[in-house]
Amino acid sequence: MNENARRAAELIRSYDGRPLRIMEVCGTHTHEIFRLGIRGMLPEGLRLISGPGCPVCVTPVGYIDEALFLALERGCTVCTFGDLVRVPGTSGSLASARTEGARVQMVYSPIDAQGYAEAHPDEQVVFLSVGFETTTPASCIAVRNAKGRGLANFSLLTANKTMDNAYRALKGSADAFLYPGHVSTMTGTAIYRELLGEGVSGVVAGFTASELLAALAVIVRMSERGEPFFVNCYPRVVSDEGSVPARRIVSEMMEPVDSEWRGLGVIAGSGLRLKDGFADFDARVKYDVPTIEGRANPGCRCGDVLQGKISPNACPLFGTACTPEHPVGACMVSSEGACSAFFKYDISR
Amino acid sequence: MEQDRITLAHGAGGRQSARLIHDIFRSHFDNPHFTADDAAVMEAPAGRIAMSTDGFIVSPAEFPGGNIGKLSICGTVNDVACMGARPLYLTCSFVLEEGFPLDALERIASSMEATAAEVGVEIVAGDTKVAKRGQVDGCFITTAGVGQVMEGVAPAGDKAEPGDAIIVSGDVGRHGCAILLARNDFQIEADVTSDCAPLAAGVASLLGAVPDTHVIRDATRGGVGTVLYEICEQSGVGVRLDQEAVPVDDAVAGVCGMLGLDPLYLACEGRVVVIVPAGSEQAALDALRASEHTAGAALIGRVTAEHAGRVVIHTPIGSEAILPEPTGELLPRIC
Amino acid sequence: MCVGLPAKVMQVKDGVAVVEATGARRTVSAELVDDLEPGEYVMIHAGAAIARITSSDEDEADALLDAVLPGGSSADSQARA
């Protein structure tokens, strides 16, 4: 451990002020915090809450059902990030659909999915376009490329989401937020200043040990002052203005819609869909996908977990009916999911 | 062009089958015990024997650092070696897809010959079947092997004891990474060759130096992480790993970083996890490092009485984290 | 929510960059970061360079901690923000 990480860790360990609830909004933060064993270093007064920043976890059951419909009923090849493969729909997942003959292709990038469509002209290729501000621009680039090349066999099943309104929905769930480092590369920091004006405290944090410890140390120190604060603790990557080209391509090609977040319900204007000019690349339009009402397992409390209302192990299904091998809720599927992280890394279990 | 590919006639038992056996298998596998009869007949070795079998399916059949032929020899040789045995005889059974190129089969058989020769093991019997196109993927091989267990050694998965040293015989995850790259699903390029290698010599060297070695286990499917969990369960102990001590090739780390994978779960085909009594670690490391395919041996952790059944990682920031238990298919993650 | 990996830019052409992270190379979109040049470091995610990296994480942490820890100059949250 280098000197500054040691100093930060010391500051965190010795915290004995008023109890602080810190929400890590971003699932990759959750994952890294567990992987680095940071929770074990925290004193009693500091509590980390895992928030809803994992696109897999907040994707509603009905979305998986739509993907299964496309794969099984319409015979489409579904290209997806690996994260979604095991997420349960109302009945079955992409993994189980594969055993029934569905074509499911894992990709690293939406742009690769468009490349796959180009290389397989005899297949109808649908990319499962999930993700926040960080991921959405690549989906837009894929569609723009497909349109430019006249590809008729590529489309998106969109479930892209934006964070602004989600931050507001989470207000009050924590005393300070660890804002998502990579979403912020796109959005910039203006939103956090607005939130600061509304009395919401937080810091933008990176993902390495030094960065996470420094960010937590800053939260501890700033909280002692008793005033709302915002600090960009990830300035080597996150600029105040963010990515103008990213916001431009998204606003040119997509428009806001109300969007359902698993557990949080519908948040107005928090989703994105392709504009009418790109309807040929919208899988729902192209393949006439019916409205599907997904049904989550009634015992599943992913929603409360995502809002930080309960700890994952307070859910009645946790570790019994719901495990990483047989997940019931999305929070147990995604390696970023709070339940999965709790189950896999919880040493006290 | 039909002559350049496997046809159903090659598996029908007639002239074509005979020619395939003569041109490819007999020419590569020839040895005094290689049989044209129904079974090979050999002298029985003295003492105990170890016997194992393993099936091999890998796509693509040829990859940087090896092919399915080399893999099929290494896999069974290493399984037998892990029980403290010197591998003596192998059998192999091919299932070939109609249309499989004969020159690829030639290269596969040639690799088997070279690997068997390196180990000093004889391929004494074989079988070939041809399946219709689409029924199998190219070339599947099953090998079985027997070896003579060395005097006075009995490594086993249930013998790990608290305080024991945990050694891995080289950098982890290169085979899995090489295969992932060869499939090119993720369009990543990196100079990664499979770690596929026969480990009988390294294991013999180890057991010569540390005859009371507690556990030797080859880390194939599921990688080193999975093997450590298996040993924890079998021996009723815990494991503490020093994260920074686990050897990982730079390019493997880069590929894993892009895809959100942990090299501890990627398959190896030429790595063993070795557990030796406290105090024997230096002798074990020296003995392993003296052999070509185990030259990269490193001490990576200790067996513990605490947290039985769990692998705990000591992180570079001085904290402890659980290594998550592996769960089935490796899924790259992006978000 | 977004796994990122630091990588070095090797080539840039027509909005596409070849990047390398400890020996692993890939083509990624260079459209989201203005004026990328070979030799620069970027954060990559899902096949796109999402930001330029301007210093090491340890230097960054040093600067932050100097500002907030006893003995360091007082943090000005607005200035930093």
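How each quantity is defined
- Residues numbered from 1 in each chain as written.
- Chains lettered and ligands numbered in written order.
- Predicted model: local features only at pLDDT ≥ 70, side-chain atom pairs only at ≥ 80, totals over all residues.
- Heavy atoms only, no water.
- Helix = DSSP H or I, 4+ residues; strand = E, 2+ residues; numbered from the N terminus.
- Buried < 20%, exposed > 50% of the residue type's maximum accessible area, 1.4 Å probe, protein only.
- Contact = heavy atoms within 4.5 Å.
- Areas by Shrake-Rupley, 256 points an atom, 1.4 Å probe, with all protein chains shown as cover.
- Buried area = accessible area lost by both parts, 1.4 Å probe.
- Salt bridge = Lys/Arg side-chain N within 4 Å of Asp/Glu carboxyl O.
- Polar contact = N/O pair within 3.5 Å; in protein donor to acceptor, adjacent residues only side chain to side chain.
- Nonpolar A, V, L, I, M, F, W, Y, C, P; charged D, E, K, R; others polar.
- Pairing = 2+ DSSP bridges.
- pLDDT = per-residue confidence, 0-100.
- Core = buried A, V, L, I, M, F, W, Y, C linked by side-chain atoms within 4.5 Å.
- Domains from an automatic or database assignment.
- Axes fitted to C-alpha atoms, helices over the stretch in contact; angles between N-to-C directions.

### Quick look at the overall build of chain B
Then, number 1: When helices and strands are counted, chain B shows 8 helices and 14 strands.
Then, number 2: Every one of the 335 residues in chain B was classed for burial, and the buried ones make up 57%.
Then, number 3: Of the contacts formed within chain B by residues at least 6 apart in sequence, a portion of 84% connects residues at least 24 apart.
Then, number 4: Total accessible area on chain B is roughly 13,500 Å²; 50% of this is exposed by carbon and sulfur atoms.

### Here we look at the interface of chain C and chain B
Then, number 1: In this assembly, 13 residues from chain C lie in contact with 16 residues from chain B.
Then, number 2: It is Val3(C), Arg25(C) and Arg26(C) in chain C that bury the most area against chain B; as a group they hold 46% of the surface buried on that side.
Then, number 3: The tally of links from chain C across to chain B stands at 1 salt bridge.
Then, number 4: Between Arg25(C) and Asp191(B) there is a salt bridge, with the nearest N and O atoms lying 3.9 Å from each other.
Then, number 5: The tally of links from chain C across to chain B stands at 5 residue pairs in polar contact (both at pLDDT 80 or more).
Then, number 6: Listing elements by their share of the side of chain C that touches chain B, those giving two or more residues are β3 (24–29) and β4 (41–45) of chain C.
Then, number 7: Grouping the amino acids of the side of chain C that touches chain B by side-chain chemistry returns 8 nonpolar, 3 polar and 2 charged.
Then, number 8: Bridge count for strand β8 (residues 188–190) of chain B against β3(C) is 3 bridges, and the pairing is antiparallel. The residue bridging Ala190(B) from the neighbouring strand is Ala24(C), located in β3(C).

### Quick word on the pattern of salt bridges
When the charged atoms of two side chains with opposite charge come close together, those side chains can pair.
Then, number 1: Tallying each qualifying case throughout the model produces 29 salt bridges over all chains.
Then, number 2: Notably, a salt bridge pairs Glu281(B) with Arg302(B), separated by 2.6 Å at the nearest N-O pair. Taken as a pair, Glu281(B) in helix α8 (residues 281–289) and Arg302(B) in strand β12 (residues 298–304) lie far apart in primary sequence, 21 residues in all.
Then, number 3: Each member of the salt-bridge network shares a partner with another, and the members are Arg168(A), Lys171(A), Glu194(A) and Glu198(A).

### Quick notes on the confidence of the model for chain B
Then, number 1: When pLDDT is averaged along chain B, the result is 94; 99% of the residues meet or exceed 70.
Then, number 2: In the model output, the complex is listed with pTM 0.91 alongside ipTM 0.90.

### Here we look at unusual backbone geometry
Then, number 1: Omega for the bond connecting Ser59(B) with Pro60(B) falls within 30 degrees of zero, at 0°, which places this linkage in the cis form.
Then, number 2: Here Pro60(B) shows up in the loop between β1 (49–56) and β2 (62–63).
Then, number 3: Residues other than glycine seldom take positive phi values, yet Asp35(C) does so here, at roughly 55°.
Then, number 4: By the element assignment, Asp35(C) lies in the loop between β3 and β4.
Then, number 5: By relative accessible area, Asp35(C) is classed as exposed at 65%.

### Notes on the nonpolar core
Then, number 1: Residues Phe154(A) and Ile44(C) are the most contacted members of the largest nonpolar core, which totals 171 residues.
Then, number 2: No other element matches helix α4 (residues 61–73) of chain A, which puts 7 residues into this core.
Then, number 3: Discounting chain neighbours no more than four positions away, the residues touching Phe154(A) are Pro110(A), Ala113(A), Gln114(A), Ala117(A), Val125(A), Phe127(A), Ala142(A), Val143(A), Ala146(A), Asp280(A), Phe281(A) and Lys286(A).
Then, number 4: Of all hydrophobic cores here, the second largest spans 58 residues; its members include Leu71(B), Ile179(B), Ala284(B) and Leu288(B).

### Here's the deal with the domain arrangement of chain B
All names here are of chain B.
Then, number 1: When cut into domains, chain B gives domain 1 (2–149) and domain 2 (165–322).
Then, number 2: Inter-centroid distance (C-alpha atoms) of domain 1 to domain 2 is 28 Å.
Then, number 3: When the buried surface of domain 1 facing domain 2 is broken down by residue, Pro64, Asn78 and Cys82 rank first, second and third, together holding 30% of it.
Then, number 4: Counting the contacts that link domain 1 with domain 2 gives 0 salt bridges.
Then, number 5: Taken together, the connections running from domain 1 to domain 2 amount to 6 residue pairs in polar contact (both at pLDDT 80 or more).
Then, number 6: Those elements giving two or more residues to the side of domain 1 that touches domain 2 turn out to be α2 (68–81) and α3 (102–119).
Then, number 7: The element that contributes the greatest number of residues to the side of domain 1 that touches domain 2 is α2, accounting for 8 residues.
Then, number 8: By residue class, the composition of the side of domain 1 that touches domain 2 is 11 nonpolar, 6 polar and 3 charged.

### Quick notes on the sheet that holds β1(B)
All names here are of chain B.
Then, number 1: Strand order in this open sheet of 4 strands is β1-β6-β4-β5, and the pairing throughout is mixed. Only two strands of the sheet have a single neighbouring strand rather than two, namely β1 and β5 (122–131). Ignoring strand direction, the axes of neighbouring strands in this sheet form an average angle of 15°.
Then, number 2: With 9 bridges joining them, strand β4 (residues 85–97) and β5 adopt parallel strand pairing. Pairing of Glu97 across the sheet is with Ala131, part of β5.
Then, number 3: Across the face of the sheet, α2 comes into contact with β1, β4, β5 and β6 (139–149) while running at roughly 30° to β6.
Then, number 4: Across the face of the sheet, α3 comes into contact with β4, β5 and β6 while running at roughly 175° to β4.

### So, the interface of chain C and chain A
Then, number 1: With 38 residues of chain C in contact, the opposing surface of chain A contributes 56 residues.
Then, number 2: For the pair chain C and chain A, the summed buried surface comes to about 3,800 Å²; carbon and sulfur atoms form 59% of the total.
Then, number 3: Across the contact surface, chain C and chain A share 4 salt bridges.
Then, number 4: Two residues, Asp112(A) and Arg26(C), come together in a salt bridge whose shortest N-O distance is 2.7 Å.
Then, number 5: Between chain C and chain A we count 12 residue pairs in polar contact (both at pLDDT 80 or more) in total.

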